[in-house]
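Chain and residue survey
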Amino acid sequence: DEEIEGGESTFIDAHAVAEEFKSRHPQEFETLVRVPATFQKNHVDREFPVRLFYKRPHISVNYDNEVNAVFWSPPFEGPLTVRPEDVDAYYTAYAKMRELMLSPEMSNKYGLRFRLQQGDLICFNNRRMLHGREAFKSHNGERHLQGCYNTIDDFLNTYRVYA
C-alpha cells in the first residue's frame, strides 16, 4: 500500500551467525548449546488462544557439532530457570550472541532487507532464518501480514512422497 511508509522486512541467516559465533566465542557457544532458555506464548485473550511454554537451548547442533537450529525470539522469552552456576555464563553468552546477531557486519554478510509488495509470498525455515519488520507509519493505508507455519517433518514428508 503506497499509504504506508517504512515496514521493510528483515531476514538474517541465524545458522551462519551461530557458526561465526562458535568460531569467535567457543565457550559461550557451548553455553548456548547446553543451557536451556525459556520460551513462552501466553495469549488467552486472542481470537485463537495460545498457551505454549517450553525450555530448550538457543542453539541446536547435530552429531558433527554443526548448527541445525537456532531458537532466538526475545519477545517470547520467559524467565530463566536454570542451575545457579549457569546463570552468569548464560547471560554473558546471550549478550555476546545478541551483539553479533545485531551487528552491521553480520547483517551485511548474512542479512536481507526489502519491502514486501501486495500479494508477495515468502517461505523460509523458521529455525534458520530470523525475521522481522522495520517500523512503519500509516497514512490511512492498510498493512496485513499473514503467517502460516509447518513442521520440517511434514514438509520433508510431502517432498519425499511427491518428489
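Because the structure is predicted, anything quoted here is derived from the model rather than measured.

Quick look at the packing of aromatic side chains
Overall, the coordinates contain six aromatic pairs when judged by the stated rule. Ring centres 4.7 Å apart and planes at 20° place the aromatic pair Trp72 and Tyr94 in the stacked group. With a gap of 22 residues between them, Trp72 in the loop between β6 (67–70) and α3 (84–101) and Tyr94 in helix α3 connect regions that are remote in the sequence. Here the two residues Trp72 and Tyr94 agree in accessibility, since each one is buried. Seen in terms of ring centroids, Tyr90 and Tyr91 are 5.1 Å apart; in terms of plane orientation they differ by 80°. Their pairing is edge-to-face. An aromatic cluster is defined as three or more aromatic residues linked by ring pairs; in this entry it consists of Trp72, Tyr90, Tyr91 and Tyr94.

So, the packing of helix α1 (residues 14–24) against α3
As a packed pair, α1 and α3 sit with axes 10 Å apart at the nearest point and diverge in direction by 125°. Relative to α3, the element α1 lies oblique. Considering only the axes of α1 and α3, their crossing is right-handed. Within the contact between the two elements, α1 uses Ala14, Val17, Ala18, Glu20, Phe21 and Arg24 and α3 uses Ala93, Lys96, Met97, Leu100 and Met101. Here the contact of α1 with α3 is composed, by residue class, of eight nonpolar, no polar and three charged.

Quick look at the pattern of salt bridges
Across all of its chains, the model carries eleven salt bridges by this definition. Where Glu19 meets Lys22, a salt bridge forms, and the shortest distance between an N and an O atom there is 2.9 Å. Remark: Lys22 and Glu19 occur in helix α1; sequence separation between them is three residues, near one turn of the helix. In this structure, the salt-bridge partner of Glu20 is Lys109, at a minimum N-O distance of 2.8 Å. Of the two residues, Glu20 is situated in helix α1 and Lys109 in helix α4 (residues 104–110); the sequence distance between them amounts to 89 residues. Connected through salt bridges with shared partners, the residues Glu20, Arg24, Glu105 and Lys109 form a single ionic network.

Here's the deal with a nonpolar patch on the surface
On the surface, a nonpolar cluster with roughly 320 Å² of combined accessible area is contributed by Leu112, Phe114, Ile122 and Phe124. Structurally, Phe114 can be placed in strand β7 (residues 111–114). A relative accessible area of 30% places Phe114 in the partly exposed class.

A look at the sheet that holds strand β8 (residues 129–133)
The strand order across the open sheet formed by three strands is β7-β2-β8, and the pairing between neighbours is antiparallel. For this open sheet the edge positions go to β7 and β8, each flanked by a neighbour on one side alone. Direction aside, the axes of adjacent strands within the sheet are offset by 15° on average. Contacts from α1 reach β2 (9–13) and β8 within the one sheet, and its direction differs from that of β2 by about 45°.

Rules behind the numbers
- Note that residues are indexed from 1 along each chain, following the sequence as it is written.
- With pLDDT at 70 or above as the cut-off, local features in this predicted model cover only qualifying residues; side-chain atom pairs require 80 or more to be listed or tallied, and sums for whole chains, interfaces and linings still use all residues.
- Side-chain measures here rest on the full set of heavy atoms in the structure, leaving out hydrogens and waters.
- Pairing of aromatic side chains here covers Phe, Tyr and the six-membered ring of Trp, requires ring centres within 6.5 Å, and sorts the geometry by plane angle: under 30 degrees stacked, over 60 edge-to-face, intermediate tilted.
- Put simply, DSSP H or I for four residues or longer makes a helix, DSSP E for two residues or longer makes a strand, and each gets a number counted from the N terminus.
- When accessible area is computed with a 1.4 Å probe and restricted to protein chains, residues below 20% of their type maximum are described as buried, those above 50% as exposed, and intermediate ones as partly exposed.
- Note on geometry: axes are C-alpha line fits, over the in-contact stretch for helices, and angles between N-to-C directions span 0 to 180 degrees.
- Each angle gets one of four labels, with under 35 degrees taken as roughly parallel, over 145 as roughly antiparallel, 65 to 115 as roughly perpendicular, and the rest as oblique.
- In this scheme the handedness of a crossing depends on how the near helix is turned from the far one: anticlockwise by less than a right angle means left-handed, clockwise means right-handed.
- Contact criterion: two residues are considered in contact whenever any of their non-hydrogen atoms come within 4.5 Å of each other.
- Only Asp, Glu, Lys and Arg are considered charged in this grouping, and only Ala, Val, Leu, Ile, Met, Phe, Trp, Tyr, Cys and Pro are considered nonpolar; every other residue, Gly among them, is considered polar.
- The rule for a salt bridge is simple: a side-chain nitrogen of Lys or Arg has to be within 4 Å of a carboxyl oxygen of Asp or Glu.
- The patches reported here contain residues having more than 30% relative accessible area and no salt bridge. Joining distances are 9 Å for like charges and 5 Å for nonpolar side chains (Val, Leu, Ile, Met, Phe, Trp, Tyr).
- Note on areas: these come from Shrake-Rupley sampling with a 1.4 Å probe, and a residue is covered only by the protein chains present in the view.
- Pairing between strands is defined by DSSP: at least two bridges between the two strands are required.

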